[in-house]
Amino acid sequence: MAISANSFSQCPTTLLSENFNTGPIVGIVPTKIYGGGNWNGGGYAFDGTFFGWFNVRNGLSGDVYDRHLEDCIDNQISISIYLRRSIGAPMNVTIRAEDDFGAVLATSTFDLTYVYVLHTLTFTLGTSTGFNFIMRSNSLGVDGGGDMCAENLIITSDDNALPTASNPAPTTVSCIGDVPAVNTAVITDEADNCSVPTVAFVSQVSNGATCPEVLTRTYSVTDVCGNSIDLTHVITVNDVTDPTASNPVPISVECIGDLPPVDIAMVTDAADNCAIPLVAFVSEVSDGGTCPEIITRTYSVSDDCGNSINVTHEITVSDIILPTATAPADVTVECIGDVPVVDVELILDEADNCSIPVVTFVSDVSDGLTCPETIIRAYAVTDDCGNI
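Residues numbered from 1 in each chain as written. Predicted model: local features only at pLDDT ≥ 70, side-chain atom pairs only at ≥ 80, totals over all residues. Heavy atoms only, no water.

**Student:** So what exactly am I meant to see when it comes to the state of the cysteines here?
**Tutor:** One way to say it: the disulfide is the covalent bond shared by the sulfur atoms of two cysteines. Applying the stated criterion across every chain, the model contains 6 disulfides. In this model, Cys11 is linked to Cys225 through a disulfide, with the two sulfur atoms separated by 1.8 Å. Around the S-S axis, the bridge from Cys11 to Cys225 shows a dihedral of about -80° and counts as left-handed. Of this pair, Cys11 sits in the loop between β1 (3–4) and β2 (13–18) while Cys225 sits in the loop between β15 (213–222) and β16 (228–237), and the two are 214 residues apart along the sequence. In terms of burial, Cys11 and Cys225 fall into one category: buried. The disulfide that involves Cys291 links it to Cys385, with 1.9 Å between the sulfurs. Handedness here is read from the sign of the S-S torsion; for Cys291 and Cys385, about -80°, the answer is left-handed. Placement of Cys291 in the loop between β18 (278–286) and β19 (293–302) and of Cys385 in the segment after β22 (375–382) is noted, with a sequence separation of 94 residues between them. Judged by relative accessible area, which is 25%, Cys385 ranks as partly exposed. (Disulfide = S-S within 2.5 Å. Helix = DSSP H or I, 4+ residues; strand = E, 2+ residues; numbered from the N terminus. Buried < 20%, exposed > 50% of the residue type's maximum accessible area, 1.4 Å probe, protein only.)

Okay, here's the thing in structure tokens:
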């Protein structure tokens, strides 16, 4: 948490500036002042300068000036006043400050001389917002009856107390587009000893990484005297959500040569919560069967953070189309001994949609007659899938 010093022109603030040369004087204690509360009425001067005077009753001691002021807890109060005595016996004086509960905050006791001397008190308000500045004559008996002369009472307040606030709770989002806008309202508990502090945005810095990327936003909290602290709001951008896609629709082909080429465009609905995912071919695996043979192609779908799923495209290879061929031309012979031998090469145009079929002899079947006897010779044309 960074801090900055009080640098505003209005701080310190003057709470009271009193020359005691006009009247009536606020703060006198009439019961301790000769004449019931006199002040310089326009003719009592010393070296040409009007001054306030307190003629302490002969033979009495006690407070002759008691002034109440209000300020903020934790502020530093400085009091300065010039005092001397004029006529009468030597005079012992105490100046002091008390809080609202009567506790002494600062005090100084001294003898007055005929020369003005600057006297000061400095203290911090710690227990109450109010305080009293008191001047007291300590002289008794024959020592009493002198004149206490006062000039240039100045009471100032300086706020050096830092405002307070808490760092906002860290935020985690999936996508850079989900990062919330800068908002000073994320600082919810800013406070100050004297005023309502101002919250302002300072900066946003990325750690330069991805998955996760950490953004650090800095806000300042500043009071009216320029006392300031910095707070940080940590935003983590980390996509842990897998992309989505459907398995391509299964297809069937007749022949291994009809297999379509690998095509990532078969994955038509790839999507991601943050960006357009990448589709890539992974592998092709056969089940090793035939008629049918099942080939499984795997595609991966990956997003920018490496979250990935696999989809599969199933291709069935199964030939159910019969091969083709033309029966050989009929042959007529005179004698049974002239019947030609079995010859598969008599099948001249065997063909198949997937491969070269195999021609095999099946059987010779006679109709059992004579003159003529008809023999039917059968050949089989079979493809690789057993279609005949």
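This is not the end of the story, as more comes after the structure.
**Student:** Teacher, can you tell me more about the sheet that holds strand β6 (residues 62–70) here?
**Tutor:** With respect to topology, 4 strands assemble into an open sheet ordered β6-β11-β8-β9, the strand pairing being antiparallel. Edge positions in the sheet fall to β6 and β9 (104–111), since each of these pairs with one other strand and no more. Direction aside, the axes of adjacent strands within the sheet are offset by 10° on average. Bridge count for strand β8 (residues 92–99) against strand β11 (residues 130–137) is 7 bridges, and the pairing is antiparallel. If you follow Val93 over to β11, its bridge partner there is Ser137. (Pairing = 2+ DSSP bridges. Axes fitted to C-alpha atoms, helices over the stretch in contact; angles between N-to-C directions.)

**Student:** Help me understand the pairing of β9, please; the structure alone is not making it clear to me.
**Tutor:** On any regular strand, side chains alternate: one points to one face of the sheet, the next to the other face. In terms of strand pairing, β8 meets β9 through 7 bridges, oriented antiparallel. By the bridge assignment for β9, Thr94 is matched with Thr109. In this structure, the hairpin formed by β8 and β9 is closed by a connection of 4 residues, where Gly102 is found at a positive phi of approximately 85°.

**Student:** Just to check I follow, could you spell out the sheet that holds strand β20 (residues 308–317) for this structure?
**Tutor:** Within a beta sheet, neighbouring strands are joined by backbone hydrogen bonds and run either parallel or antiparallel to one another. Spatially, 4 strands are ordered β17-β20-β19-β18 in an open sheet, and the strand pairing comes out mixed. Each of the sheet's edge strands pairs with one partner strand only, and the pair in question is β17 (251–253) and β18. Between one strand axis and the next, the sheet turns by 25° as a mean value, whatever way the strands run. Here β18 runs beside β19; their pairing, made up of 8 bridges, is antiparallel. Across the sheet, residue Ala280 finds its bridge partner in β19, namely Ser300.

**Student:** Would you mind going over the pattern of salt bridges with me for this structure?
**Tutor:** Close approach of charged atoms lets side chains of opposite charge pair. For the structure shown, the criterion picks out 3 salt bridges. For Arg96, the salt bridge is made with Glu98, and the minimal N-O distance between the two is 2.7 Å. Take Arg96: its relative accessible area is 14%, and that puts it in the buried class. Two residues, Asp364 and Arg377, come together in a salt bridge whose shortest N-O distance is 2.7 Å. Here Arg377 lies in strand β22 and Asp364 lies in strand β21 (residues 358–366), a separation of 13 residues in the sequence. (Salt bridge = Lys/Arg side-chain N within 4 Å of Asp/Glu carboxyl O.)

**Student:** What exactly am I supposed to notice about unusual backbone geometry here?
**Tutor:** Most of the time, phi is negative for any residue but glycine, and the peptide bond is trans. Here the amide bond leading from Cys291 into Pro292 is cis, since omega sits at 10°, within 30 degrees of zero. Along the chain, Pro292 turns up in the loop between β18 and β19. If you check the backbone angles, Asp74 has positive phi at about 80° while not being a glycine. Looking at the secondary structure, you find Asp74 in the loop between β6 and β7 (76–85).

**Student:** Please clarify how a nonpolar patch on the surface should be interpreted in this entry.
**Tutor:** Nonpolar side chains collect at one region of the surface, where Val262, Ile264 and Phe281 lie side by side and expose about 240 Å² of accessible area between them. With respect to the helices and strands, Val262 occurs in the loop between β17 and β18. Taking relative accessible area as the criterion, Val262 reaches 39% and is therefore assigned partly exposed. (Patch = residues over 30% accessible without salt bridge, like charges linked within 9 Å, V, L, I, M, F, W, Y side chains within 5 Å. Areas by Shrake-Rupley, 256 points an atom, 1.4 Å probe, with all protein chains shown as cover.)

**Student:** Looking at this structure, I do not really get the confidence of the model for the protein. What am I missing?
**Tutor:** Close inspection of predicted coordinates is inappropriate for parts of the model with low pLDDT. Per-residue pLDDT for the protein averages 87, and the proportion of residues at 70 or more is 84%. Confidence over residues 1–9 falls short of pLDDT 50; this stretch has 29 contacts with residues more than four positions distant or in other chains. The low-confidence segment residues 33–51, where pLDDT is below 50, has 42 contacts with residues more than four positions distant or belonging to other chains. (pLDDT = per-residue confidence, 0-100. Contact = heavy atoms within 4.5 Å.)

**Student:** What is the right way to read the pairing of strand β14 (residues 198–206) from this model?
**Tutor:** In the sheet, β14 pairs with β15 via 8 bridges, with the strands oriented antiparallel. Pairing of Ser203 across the sheet is with Thr218, part of β15. Counting the residues between successive antiparallel strands, the hairpin from β14 to β15 contains 6 residues, one of them, Gly208, with a positive phi of roughly 80°.

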